[in-house]
Amino acid sequence: MKIGIIGAGNIGGNLTRRLTALGHDVSVANSRGPETLRELAEETGATAVRAEEAAKGAEVVVVTVPLKVVPSLPSGLLDGAAEGVAVIDTGNYYPQQRDGRIAAIEDEGLTESRWTEQHLGHPVIKAFNGTYAQDILDRPRPAGDPDRIALPVAGDDGAAKAKVRALIDELGFDTVDAGGIDDSWRQQPDTPVYGLRAGVEAVTKALAEASPERPATFRG
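All residue numbers here refer to positions counted from 1 along the written sequence of the relevant chain. Only residues with pLDDT of at least 70 get local features here, since the model is predicted, and only at 80 or more are side-chain atom pairs given and counted; chain-wide, interface and lining totals rely on the full set of residues. The basis for every side-chain value is the complete set of non-hydrogen atoms in the structure, without hydrogens or water.

**Q** Kindly report on the side chain of Thr-111, identifying the contributing residues and their values.
**A** Locating Thr-111 in the fold gives a position in the loop between α4 (103-106) and α5 (112-120). In what follows, residue pairs with any heavy atoms lying within 4.5 Å of each other are defined as contacts. In this structure Thr-111 touches Ile-181, Asp-182, Ser-184, Trp-185 and Gln-188, once residues within four positions along its chain are discounted. The way it works is that DSSP assigns letters per residue, a run of H or I at least four long becomes a helix, a run of E at least two long becomes a strand, and they are numbered from the N terminus.

Here's what the structure looks like:
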């Protein structure tokens, strides 16, 4: 499958490593230009490209950049993607720690991924936002393994969500359907499921126990 990854930090870099190892055709981009990704490209066989080119022909696009960067992503970012492209948003809102105050999230009550979706102009699937980057390399397990970790996945597009869940299964993790993007507050920072290394039952329980009230440490 052709996959575009926009953002080559810890999550983006490790997804590049795993997805290329699984045989996918991966294009990876960051904000500093493809020449800065030469080592990652040589290590993995991925193609380093400009952000504007990452989605070209892609069936899955992963957007894994700091939330404050989303509005400055190139316009038409998803132009040229394959029909029915699934867009994965791994982002989190850290107003005090990194992103500054975002009024639409704070005042209008938008979930982080709904805000990202509006900027991208395309539905997103929220996944990997509470996953430890190193676990992508170290914690894959075969289906049925009692130590297999489950990841929550939220999104409104059923076909795109199914594609993302199948890809996560291929990566070696179970998934739990966390509802639509308006429900994705259940997996935002400081919720019970955020950073939880556990199986389907525990992840399902943690999602149900989440509170919609944003914790003080995650308010701008």
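Let us keep going from here.
**Q** Can you break down the packing of aromatic side chains residue by residue, with the values?
**A** Pairs were defined over the aromatic rings of Phe, Tyr and Trp, the Trp ring being its six-membered one, requiring ring centres within 6.5 Å. Orientation was assigned from the angle between planes: stacked under 30 degrees, edge-to-face over 60, tilted for the rest. Going through the model one piece at a time under the given rule, you end up with 1 aromatic pair. A centroid spacing of 6.0 Å and a plane angle of 50 degrees characterise the contact between Tyr-94 and Phe-218, whose relative ring orientation is tilted. In this pair, Tyr-94 sits in the loop between β5 (86-89) and α3 (95-99) while Phe-218 sits in the segment after α8 (200-208), placing the two residues 124 residues apart along the sequence. Take Tyr-94 and Phe-218: they sit in the same class, and that class is buried. Exposed residues in this analysis have more than 50% of their type's maximum accessible area, buried residues have under 20%, and partly exposed residues fall in between, with area computed by a 1.4 Å probe over protein chains only.

**Q** Give me the lowdown on the pairing of strand β1 (residues 2-6), citing residues and values where you can.
**A** Counting buried positions along β1 gives 4 out of 5 residues, so the element sits mostly inside the fold. By the criterion used throughout, a crossover qualifies as right-handed when its path from the first strand across the helix to the second strand runs clockwise, the strands pointing away from the viewer. Handedness of the crossover is the feature at issue here: the chain leaves β1, passes through helix α1 (residues 10-21), returns alongside strand β2 (residues 25-29), and the resulting connection is right-handed. One bridge is not enough; two strands pair if DSSP finds at least two bridges between them. Taken together, the 4 bridges between β1 and strand β4 (residues 60-63) define a ladder with parallel strand orientation. The partner of Gly-4 across the bridge, within β4, is Val-61.

**Q** How would you sum up the nonpolar core? Please name residues and give values.
**A** The criterion is simple. A nonpolar core is a set of buried Ala, Val, Leu, Ile, Met, Phe, Trp, Tyr and Cys residues joined through side-chain atoms within 4.5 Å. In terms of nonpolar packing, the biggest core is built from 28 residues, with Ile-5, Leu-15, Leu-19, Phe-128, Val-164 and Ile-168 touching the most fellow members. Broken down by secondary-structure element, the contributors of at least two residues to this core are β1, α1, β2, β4, β5, α6 (133-138), β7 (150-155) and α7 (158-171). The greatest single-element share of this core, amounting to 5 residues, is contributed by α7. Those residues in contact with Phe-128 that sit more than four places away from it in its chain are Ile-11, Leu-15, Ile-88, Thr-90, Ile-136, Leu-151, Ile-168 and Leu-171. In this structure, Ala-58, Val-65, Tyr-93 and Ala-104 belong to the second largest nonpolar core, which totals 27 residues.

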